[in-house]
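For reference, the chains in residue letters:
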Amino acid sequence: MNQTEAEFSNLVKAYRKRHMGKGPGRISTTFCKHWAICEMEGNLSPVEKFIASASDGKQMLREARTQWVKDIYRNHPPTEMEQLLGARYLELYVDIDIDKDFGMSVFVFDQDIERKFGSSR
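Here is what the cut-offs are and how they apply
- Residues numbered from 1 in each chain as written.
- Predicted model: local features only at pLDDT ≥ 70, side-chain atom pairs only at ≥ 80, totals over all residues.
- Heavy atoms only, no water.
- 1 Å grid on protein atoms, 1.4 Å probe; cavity = no way out; pocket = protein on both sides within 12 Å on 5 of 7 lines; lining within 4 Å.
- Points joined across faces, edges and corners; volume = space filled by probe spheres on them.
- Helix = DSSP H or I, 4+ residues; strand = E, 2+ residues; numbered from the N terminus.
- Nonpolar A, V, L, I, M, F, W, Y, C, P; charged D, E, K, R; others polar.
- Pairing = 2+ DSSP bridges.
- Axes fitted to C-alpha atoms, helices over the stretch in contact; angles between N-to-C directions.
- Contact = heavy atoms within 4.5 Å.
- Buried < 20%, exposed > 50% of the residue type's maximum accessible area, 1.4 Å probe, protein only.
- Polar contact = N/O pair within 3.5 Å; in protein donor to acceptor, adjacent residues only side chain to side chain.
- Salt bridge = Lys/Arg side-chain N within 4 Å of Asp/Glu carboxyl O.

**Student:** Can you lay out empty space enclosed by the protein for me, pointing to particular residues and giving the numbers?
**Tutor:** Scanning the model with the defined rule gives one cavity of 30 Å³ or more in all. In this structure, the largest cavity encloses a volume near 50 Å³. Elements with a contribution of two residues or more to the lining of the largest cavity: α3 (57–75), β3 (89–97) and β4 (102–109). Of the residues contributing to the lining of the largest cavity, the split by class is five nonpolar, three polar and three charged.

Structural data, given as structure tokens:
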């Protein structure tokens, strides 16, 4: 992860904490073309872990969590991320594995951010 990817990770963590009450425990970002791909561990709150222990809780929590995250970004555009990248945020794809407490978010921007910021690999 290069410096800009690390800064992006910090912005995602702060954004989620501000709008959801809790950010991921660990986050890693990779830029790939127009995408910022974030891998996140430690997303679930203690209440969410309790809900997941119910028979239909995992599916309900997964659906609610993925939709909620998308709605938050739709209603509160991530301007800090746009400023960091100098690119306009277009869309977000989200998924989470409740059992592993591991989530992925793919942010789509209007420019090739991989080319713009390079990579440490």
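**Student:** Before we move on, can you summarise the sheet that holds strand β1 (residues 26–32) with the specific residues and values?
**Tutor:** Across the sheet, which stays open at both edges, the four strands sit in the order β1-β2-β4-β3 with antiparallel pairing between neighbours. Either end of the sheet is taken by a strand with one partner, and the two such strands are β1 and β3. Along the sheet, successive strands turn relative to each other by an average axial angle of 15°, direction set aside. Packed on one face of the sheet, helix α1 (residues 3–20) meets β1, β2 (35–41) and β4 and runs near 130° to β1. Of the strands in this sheet, β3 and β4 touch α3, which is tilted by about 160° from β3.

**Student:** Outline the environment of Ala 36, supporting the account with residue identities and numerical values.
**Tutor:** Within the fold, Ala 36 resides in strand β2. The exposure class assigned to Ala 36 is buried, which follows from its relative accessible area of 0%. Considered as a pair, Ala 36 and Asp 112 are 76 residues apart in the sequence and their alpha carbons are 9.9 Å apart. Apart from the residues within four sequence positions on either side, Ala 36 is in contact with Phe 8, Thr 29, Thr 30, Phe 31, Ser 105, Val 106, Phe 107, Phe 109 and Ile 113.

**Student:** Would you mind going over the side chain of Thr 29 in detail, with residue names and values included?
**Tutor:** As for its position among the elements, Thr 29 is in strand β1. Here the side chain of Thr 29 touches Ser 9 through a polar contact of 2.7 Å, side chain to side chain.

**Student:** I'd like a description of the pattern of salt bridges, backed by residues and values.
**Tutor:** Side chains that carry opposite charge are capable of pairing whenever their charged atoms lie near each other. The full count for this structure, using the stated rule, is seven salt bridges. Here Arg 18 makes a salt bridge to Glu 80, at a shortest N to O gap of 3.3 Å. You can see Arg 18 sitting in helix α1 and its partner Glu 80 sitting in helix α4 (residues 79–85), a full 62 residues away along the chain. Relative accessible area serves as the criterion here: at 31%, Glu 80 is assigned to the partly exposed category. Here Arg 26 makes a salt bridge to Glu 41, at a shortest N to O gap of 3.4 Å. Linking Arg 26 in strand β1 with Glu 41 in strand β2, this pair joins segments that are 15 residues apart in sequence. On the accessibility criterion, Glu 41 (34% relative accessible area) is partly exposed.

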